[in-house]
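Examination of the molecular architecture
Given next are the chains, with one letter for each unit.
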Amino acid sequence: DVYKRQLRALRASEARYRFVADHASDVVLRVDREGHILGMSRASLGMLGVEPSEALGRLVDEALQLGDGHNQSGLVSWLNPTGANVSELSVVVSARHRSGRPLKLEAKLRYLRLTSADEVNEVIVVLRDVTEREETNARLQQERLFLDSTLASLAEGIVACDRDGRVTIVNQAAVEPVSYTHL
């Protein structure tokens, strides 16, 4: 009787966990230290166009089209951290949806040391699509470079303050010493 109740409680707990994992918007992966996918949530279908069953056992970078194929690596290079004290890491990697659409994914890696040795046995990876955020940051950086070059080219001194009176923008002409000519 006690055993049956414990078994029912365990199955209910597993069902609740599976429900959360299956309905999360982030992709959750379990990867071995060599980069083989041991488990993957169903969010991979929406985010990457990849069914979990297609990816099981395959190398994570290949199965999920991570890295740009040139100089930017995917996740495999991050799976074995240097230093025994590293337990988590967050990186942004390039990827491609199955349709070919480029993506930027934030990968949060949690290193699991399941034995007494300090070596990593498995890695839990949570992938979040940050494509829009990265594109917005790139546009903001371009606008800031344009503003900086415009301000630098002006002969007039420009100083801008926020509503609290803190200086937020100042160009070189505003800080150069003013020279006066005596007649």
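Our structure's up above, just so we're on the same page.
Structure report, in brief.

Definitions and cut-offs
- Residues numbered from 1 in each chain as written.
- Predicted model: local features only at pLDDT ≥ 70, side-chain atom pairs only at ≥ 80, totals over all residues.
- Heavy atoms only, no water.
- Salt bridge = Lys/Arg side-chain N within 4 Å of Asp/Glu carboxyl O.
- Helix = DSSP H or I, 4+ residues; strand = E, 2+ residues; numbered from the N terminus.
- Buried < 20%, exposed > 50% of the residue type's maximum accessible area, 1.4 Å probe, protein only.
- Core = buried A, V, L, I, M, F, W, Y, C linked by side-chain atoms within 4.5 Å.
- Contact = heavy atoms within 4.5 Å.

**A closer look at the pattern of salt bridges**
When the charged atoms of two side chains lie near each other, side chains of opposite charge can form a pair. In the structure shown here, the tally under the stated rule is 12 salt bridges. Among the salt bridges present, the one from R133 reaches E106, with a minimum N-O distance of 3.7 Å. One end of the pair, R133, is in helix α5 (residues 131-153); the other, E106, is in strand β4 (residues 102-112), with 27 residues separating them in the sequence. Among the salt bridges present, the one from R166 reaches D162, with a minimum N-O distance of 3.1 Å. Assessed through its relative accessible area of 25%, D162 is described here as partly exposed. Here the residues in one salt-bridge network are E106, R133 and E134, joined through shared partners.

**What to know about the nonpolar core**
Counting 28 residues, the largest nonpolar core has L29, L64, L75, L105, L109, V125 and L127 as its most contacted members. Contributing elements (two or more residues each) for this core: β1 (27-32), β2 (37-40), α2 (43-48), α4 (60-63), β3 (88-96), β4 and β5 (122-129). Per element, the largest residue contribution to this core is 5 residues, and it comes from β4. Among all residues touching V125, those that are not within four sequence positions of it are V27, V28, L29, V31, L75, A107, K108 and L109.

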